[in-house]
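As a plain string of letters, each chain reads:
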Amino acid sequence: MTPYAYASSLHGVSSRAGDTRSRLEALSRLLDSAVRVPGTNIRFGADALLNLIPGIGLLTSKGMSAYLIWEARRLGVPTGTLLRMVGNVGVDFAISAIPVVGWVGDVFFRSNLRNMALLRDHLDRFDSGPNTFQR
């Protein structure tokens, strides 16, 4: 599998891969840092809010986190990095599973932003490699 499922041999990364990256950036921000607490620098997102809904909220937020990892795999992220991403979601799941305390933990452990940073690092290294063409 090529590092980009949407790669173009003449133009580097196609617009579909760029669209995927933009969509995943937006999803990670929505889940982890969409709302700022007024008067502070504390941010939280849908992940923390969904954790307030017992059971279903936890499964929904982790399902969206799994989607980010699935897309990373489609974009050619190496297995080691994918395992780190799964580990981040696993830690987040363990924190979220603790009633009440888990909500506070979701505010401070941002697995989706961490995973997006790993994906961004991989994509940036690939884009600037010696065998790619820049637009």
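Up top is the structure.
Attention here is on the structure that accompanies the text. (Residues numbered from 1 in each chain as written. Predicted model: local features only at pLDDT ≥ 70, side-chain atom pairs only at ≥ 80, totals over all residues. Heavy atoms only, no water.)

## Quick word on the pattern of salt bridges
Next, step 1: Inspection of the entire model under this criterion finds eight salt bridges.
Next, step 2: The shortest N-O distance in the salt bridge between E25 and R120 comes to 2.8 Å. Remark: R120 occurs in helix α6 (residues 111–127) and E25 occurs in helix α1 (residues 15–33); sequence separation between them is 95 residues.
Next, step 3: Exposure remark for R120: the relative accessible area of 28% places this residue in the partly exposed category.
Next, step 4: For R125, the salt bridge is made with D121, and the minimal N-O distance between the two is 3.3 Å. Taken together, the residues span about one helical turn, with R125 and D121 both in helix α6 at a distance of four residues.
Next, step 5: The class of D121 is partly exposed, set by a relative accessible area of 41%.
Next, step 6: Shared partners join several salt bridges into a network, and the residues in it are R23, E71 and R74. (Salt bridge = Lys/Arg side-chain N within 4 Å of Asp/Glu carboxyl O. Helix = DSSP H or I, 4+ residues; strand = E, 2+ residues; numbered from the N terminus. Buried < 20%, exposed > 50% of the residue type's maximum accessible area, 1.4 Å probe, protein only.)

## Brief notes about the side chain of K62
Next, step 1: With respect to the secondary-structure elements, K62 resides in helix α3 (residues 56–74).
Next, step 2: Relative accessible area serves as the criterion here: at 8%, K62 is assigned to the buried category.
Next, step 3: Side chain to side chain, K62 and S61 meet in a polar contact 3.4 Å long.
Next, step 4: Among all residues touching K62, those that are not within four sequence positions of it are D47, V89, D92, F93, S96 and D106. (Polar contact = N/O pair within 3.5 Å; in protein donor to acceptor, adjacent residues only side chain to side chain. Contact = heavy atoms within 4.5 Å.)

## Observations concerning the nonpolar core
Next, step 1: Of all hydrophobic cores here, the largest spans 13 residues; its most connected members are L24, A72, L82, M85 and L119.
Next, step 2: Elements with a minimum of two residues in this core: α3, α4 (79–96) and α6.
Next, step 3: Those residues in contact with A72 that lie beyond four places of it in its chain are V77, L82, M85 and L119. (Core = buried A, V, L, I, M, F, W, Y, C linked by side-chain atoms within 4.5 Å.)

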